[in-house]
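Close look at the chain arrangement
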Amino acid sequence: MADQMSDPRELFLHELGDVLYAERTLVSALPKLQEEASDDELRMGFEQHLEETRQHVKNVEQAFEALSEKPTAEKCPGIEGIKKEHDDFVAKESPTQDVLDSFLTGAGARTEHYEIAAYEGLVTMAEAMGEKDVVTLLNENLEQERKALEKLQTIGKRLAQEGAKQHQTA
Ligand SMILES: [Fe+2]
Ligand SMILES: [Fe+2]
């Protein structure tokens, strides 16, 4: 039997490595989403969140360093799954540009929810461990994920309303 993980700090480092992998994956995925989107507000939203995501990677790396640990990414099948869902949908459904834009707001919102869950758990653990600098770094990311989610929801709502209207009159 493999050694059992018994130290909550090890769990924390595992989860931190998981979110590091997810953030790095998003740095490479967001430019593609930006290219796919045609709605100006959505494109700009992806562009802005790409800049923020680059900083998220740095904050997570700094959190490792604040704990005197080397930043180590753990493969994150969760984010790979969200990415695959996007790729499969686009390949299989060949959506029109309007449908694709709406789809992208949903894919983005799923991603933000995933990140928010990860950071909420990490902040709770870092608080319990008394690691104030780590809490500050991770809270910065968490707040930006929440704002990004809100923005995606607003755009998603507008696109859904526009889409439904157009479809009625078509
Ligand atoms: Fe992020
Ligand atoms: Fe995000």
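Residues numbered from 1 in each chain as written. Chains lettered and ligands numbered in written order. Predicted model: local features only at pLDDT ≥ 70, side-chain atom pairs only at ≥ 80, totals over all residues. Heavy atoms only, no water.

**Let's talk about the side chain of Glu115**
Mapped onto the elements of the fold, Glu115 is located in helix α4 (residues 97-129). Buried and unpaired, Glu115 has Arg146 as its nearest opposite-charge partner, separated by 12 Å. Those residues in contact with Glu115 that lie beyond four places of it in its chain are Glu23, Leu26, His49, His56 and Glu145. (Helix = DSSP H or I, 4+ residues; strand = E, 2+ residues; numbered from the N terminus. Buried < 20%, exposed > 50% of the residue type's maximum accessible area, 1.4 Å probe, protein only. Lys, Arg positive; Asp, Glu negative; His and termini not counted. Salt bridge = Lys/Arg side-chain N within 4 Å of Asp/Glu carboxyl O. Contact = heavy atoms within 4.5 Å.)

**Thoughts on the coordination of the iron ion (ligand 1)**
Looking at the metal site, the iron ion (ligand 1) is ligated by Glu23 (OE), Glu23 (OE), His56 (ND1), Glu115 (OE) and Glu145 (OE), spaced 2.1 to 2.4 Å from it. Separating the iron ion (ligand 1) from the iron ion (ligand 2) is a gap of 3.5 Å, bridged by Glu115, which donates to each. One end of the pair, Glu23, is in helix α1 (residues 8-36); the other, Glu145, is in helix α5 (residues 132-169), with 122 residues separating them in the sequence. Taken as a pair, Glu23 and Glu145 share a single burial class, namely buried. (Donors = N, O, S within 2.8 Å, 3.2 Å for Na, K, Ca; no water.)

**A short note on helix α2 (residues 40-66)**
With 27 residues, α2 extends 39 Å from end C-alpha to end C-alpha; this agrees with the ideal 39 Å at 1.5 Å per step. At the N-terminal end of α2, a side-chain oxygen is found 3.2 Å from the backbone nitrogen of Glu41, two or three residues along, and the residue is Asp39. Positive phi appears at Ser68, one or two residues downstream of α2, with a value of about 55 degrees. (Expected span 1.5 Å × (residues − 1). Polar contact = N/O pair within 3.5 Å; in protein donor to acceptor, adjacent residues only side chain to side chain.)

**Quick notes on the coordination of the iron ion (ligand 2)**
On the protein side, the iron ion (ligand 2) has His49 (NE2), Glu112 (OE), Glu112 (OE), Glu115 (OE) and Glu145 (OE) as donor atoms, found 2.0 to 2.6 Å from it. Donor residues for the iron ion (ligand 2), ordered by position in the chain, follow H-x62-E-x2-E-x29-E.

**Considerations on the environment of Ser38**
By the secondary structure assignment, Ser38 is in the loop between α1 and α2. Classification of Ser38 by relative accessible area gives partly exposed; the value is 37%. For the pair Ser38 and Asp101, spaced 63 residues apart in sequence, the C-alpha to C-alpha distance is 6.8 Å. Setting aside residues up to four positions removed in sequence, Ser38 forms contacts with Arg43, Gln97 and Asp101. Engagement of the side chain of Ser38 in a polar contact is seen with the side chain of Asp101, the distance being 2.9 Å.

**So, the pattern of salt bridges**
Per the stated rule, a full pass over the model turns up 10 salt bridges. Put simply, Glu41 and Arg158 hold a salt bridge, and the shortest N to O gap is 2.9 Å. Taken together, the residues Glu41 in helix α2 and Arg158 in helix α5 connect sequence positions 117 residues apart. Arg158 sits in the partly exposed class, given a relative accessible area of 25%.

**Remarks on unusual backbone geometry**
Not every positive phi belongs to a glycine, and Ser68 is a case in point at roughly 55 degrees. Secondary-structure assignment places Ser68 in the loop between α2 and α3 (77-93). For Ser68, a relative accessible area of 68% gives the class exposed. Backbone geometry places Ser94, a non-glycine residue, at a positive phi of 35 degrees. Among the structural elements, Ser94 can be located in the loop between α3 and α4.

**What to know about the nonpolar core**
Among the nonpolar cores identified, the biggest contains 22 residues, and Phe12, Leu16, Val60, Tyr119, Leu122, Val134 and Leu138 are the most heavily contacted of them. Mapped onto this core, the elements with two or more residues apiece are α1, α2, α4 and α5. Look past the residues within four positions of Phe12 in its chain and what remains in contact with it is Leu67, Leu122, Met125, Ala126, Met129, Val134 and Leu138. (Core = buried A, V, L, I, M, F, W, Y, C linked by side-chain atoms within 4.5 Å.)

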